[in-house]
Amino acid sequence: MPEIEIVLVEPLYEGNIGFTARVMKNFGFNNLTLINPPPIGDDAIARSSHARDVLEGARIVSSLDEVIEKSNVLIATTGAVSKTVTHAMRMPYYTPHEIRGIIEKIDGRVSILFGRENWGLSNEEIAKCDIICTIPTSDIYPIVNISHAVGILVYELANLPRGEYTTASRQEMDSLYAHFDEFLTAIGHDAHKRANTLVMLRRILGRANLTIREASTLHGLLRKAEYVMHNGGRLPNEDADDGDCEPDEPDEPYKDDEDDDAAYENKC
């Protein structure tokens, strides 16, 4: 099954951390990460009850980047979603039940981010995530306590089956997003549309849960297009498969792609 990591981003109150540890253990989860938490003392310990082991085993980090380094898929939870598809930052979004179907076959770490009690996650933090999750609540009182939100997610994700395939790592996906950014520059994509386009690409590819080989193939397709553009429309080796194998070109290959290909038999 996926390795589920619950991440509290700069939580304000130690009591909520204790309650989070407790509800995680209720449903069989113990991988808790805290980004810049407050001091954890008696209140957190008391509220964690019999989940003190989860609380004391929590990983404490100083930045979201430390979470990203070890994660395959990042999920942002938010109560504020985009109203139209033209605003990609918080769109498309999924319910906790739908999230289960998206990640259930992943063999890798899935990090679920919960924001600050007073104002949640920033747009910058959400932009780094692959998938958006929101809890459908009543318009009468839509705000959910952070530990309750964690409880709803872990209830939906409890007893997931064993994962079937390994997804591309965070570093591999970030390399692919950087390649798309370079490609957009090469084709003269409008600068004022760039940020929104890259967020949409992250949303599309994030929910696709690419394997290492799929990410490598997309790199190959982009490089083939770049080769054609840089060589007056001349096509690379006609014997190469469409995107699956790389054209002969003088450019230095992406290191991660080269390493990934070593795991596969040479099919060309």
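Fair warning: this is a prediction, and the values are worked out from it, not measured in the lab.

### Quick word on a nonpolar patch on the surface
Phase 1: A cluster of nonpolar side chains, contributed by Ile 140, Tyr 141 and Ile 143, occupies part of the molecular surface with about 450 Å² of accessible area.
Phase 2: Along the chain, Ile 140 turns up in the loop between strand E7 (131-133) and helix H7 (146-157).

### Looking at the side chain of Glu 5
Phase 1: Following the sequence through the fold, Glu 5 ends up in strand E1 (residues 3-9).
Phase 2: The contacts of Glu 5, once residues within four sequence positions are left out, are Asn 31, Thr 33, Arg 59, Val 67, Arg 109, Val 110, Ser 111 and Ile 112.

### Some words on helix H9 (residues 194-208)
Phase 1: Under the 1.5 Å per step criterion, the end-to-end length of H9 is 21 Å for 15 residues, consistent within 8% with the ideal 21 Å.
Phase 2: For H9, the full list of buried residues reads Arg 194, Thr 197, Val 199, Leu 201, Arg 202, Arg 203, Leu 205 and Gly 206.
Phase 3: Next to the buried residues of H9 lie helix H6 (123-127), E7, helix H8 (170-186) and helix H10 (212-230).
Phase 4: Remark: Asn 209 follows H9 within two positions and exhibits a positive phi of approximately 50°.

### Observations regarding the sheet that holds E7
Phase 1: Spatially, the seven strands line up as an open sheet ordered E3-E2-E1-E6-E4-E7-E5, and their pairing is parallel. Edge positions in the open sheet fall to strand E3 (59-61) and strand E5 (93-94), since each of these has one partner strand only.
Phase 2: Relative to strand E6 (residues 109-114), strand E4 (residues 73-77) runs parallel, the two sharing four bridges. Bridge pairing links Val 73 to Val 110 in E6.

### Structural notes on the nonpolar core
Phase 1: Within the largest apolar cluster, 35 residues are counted, with the highest numbers of intra-cluster contacts made by Ile 6 and Ile 103.
Phase 2: Counting residues per element, this core draws most heavily on H7, which supplies six residues.
Phase 3: Not counting the four nearest positions on each side in its chain, Ile 6 is found in contact with Thr 20, Met 24, Asn 31, Leu 32, Thr 33, Ile 112, Phe 114, Val 150 and Val 154.

### Considering the packing of H8 against H10
Helices that pack against each other are described as a pair by the angle of their axes relative to one another and the distance between those axes.
Phase 1: Two numbers describe how H8 lies on H10: the axes approach to 10 Å, and their chain directions differ by 20°. Judged by the inter-axis angle, H8 sits roughly parallel to H10. Judged by the sense of rotation from one axis to the other, the crossing of H8 with H10 is left-handed. Between H8 and H10, the residues in contact are Glu 172, Ser 175, Leu 176, His 179, Phe 180, Phe 183 and Ala 186 and Ile 212, Ala 215, Leu 218, His 219, Leu 222, Arg 223, Ala 225, Glu 226 and Met 229, respectively.

### As for the environment of Ile 143
Phase 1: With respect to the helices and strands, the residue Ile 143 is situated in the loop between E7 and H7.
Phase 2: Along the sequence, Ile 143 and Gly 79 sit 64 residues apart, while their C-alpha atoms lie 7.4 Å from each other.

### Looking at the side chain of Arg 202
Phase 1: Turning to its location among the elements, Arg 202 is positioned in helix H9.
Phase 2: Classification of Arg 202 as buried rests on a relative accessible area of 14%.
Phase 3: Excluding its chain neighbours within four sequence positions, the residues that come into contact with Arg 202 are Ala 127, Lys 128, Cys 129, Asp 130, Arg 170, Asp 174 and Tyr 177.

### With respect to the pairing of strand E2 (residues 32-35)
Phase 1: On E2, burial covers both faces: Leu 32 and Leu 34 on one face and Thr 33 and Ile 35 on the other are all buried.
Phase 2: With helix H1 (residues 14-26) bridging E1 and its parallel neighbour E2, the resulting β-α-β unit is right-handed.
Phase 3: Here E2 pairs with E3 via three bridges, running parallel. Across the sheet, residue Leu 34 finds its bridge partner in E3, namely Ile 60.

### Quick look at the packing of aromatic side chains
The relative placement of two aromatic rings is captured by the distance of their centres and the angle of their planes.
Phase 1: Taken as a whole and assessed by the stated rule, the structure comprises one aromatic pair.
Phase 2: For the pair Phe 27 and Tyr 155, a centre-to-centre distance of 5.8 Å together with 80° between the ring planes defines the contact as edge-to-face. Of the two residues, Phe 27 sits in the loop between H1 and E2 while Tyr 155 sits in helix H7, which places them 128 residues apart along the sequence.
Phase 3: By relative accessible area, Tyr 155 is classed as exposed at 54%.
Phase 4: Lying over the aromatic face of Trp 119, Arg 116 brings its terminal NZ or CZ to 4.4 Å of the ring centre.

### Overview of unusual backbone geometry
Phase 1: Positioned with a positive phi, Asn 159 is a non-glycine residue whose angle comes to about 60°.
Phase 2: Structurally, the position occupied by Asn 159 is in the loop between H7 and H8.
Phase 3: Of note in the backbone geometry, Asn 209 takes a positive phi value of approximately 50° without being a glycine.
Phase 4: Inspection of the secondary structure puts Asn 209 in the loop between H9 and H10.

What counts and how
- Residues numbered from 1 in each chain as written.
- Predicted model: local features only at pLDDT ≥ 70, side-chain atom pairs only at ≥ 80, totals over all residues.
- Heavy atoms only, no water.
- Patch = residues over 30% accessible without salt bridge, like charges linked within 9 Å, V, L, I, M, F, W, Y side chains within 5 Å.
- Areas by Shrake-Rupley, 256 points an atom, 1.4 Å probe, with all protein chains shown as cover.
- Salt bridge = Lys/Arg side-chain N within 4 Å of Asp/Glu carboxyl O.
- Helix = DSSP H or I, 4+ residues; strand = E, 2+ residues; numbered from the N terminus.
- Contact = heavy atoms within 4.5 Å.
- Expected span 1.5 Å × (residues − 1).
- Buried < 20%, exposed > 50% of the residue type's maximum accessible area, 1.4 Å probe, protein only.
- Pairing = 2+ DSSP bridges.
- Core = buried A, V, L, I, M, F, W, Y, C linked by side-chain atoms within 4.5 Å.
- Axes fitted to C-alpha atoms, helices over the stretch in contact; angles between N-to-C directions.
- Parallel < 35°, antiparallel > 145°, perpendicular 65-115°, else oblique.
- Left-handed = near helix turned anticlockwise from the far one by under 90°.
- Right-handed = clockwise from strand over helix to strand, strands pointing away.
- Phe/Tyr/Trp six-rings, centres within 6.5 Å; stacked < 30°, edge-to-face > 60°.
- Lys NZ or Arg CZ within 6 Å of the ring centre and 35° of its normal.

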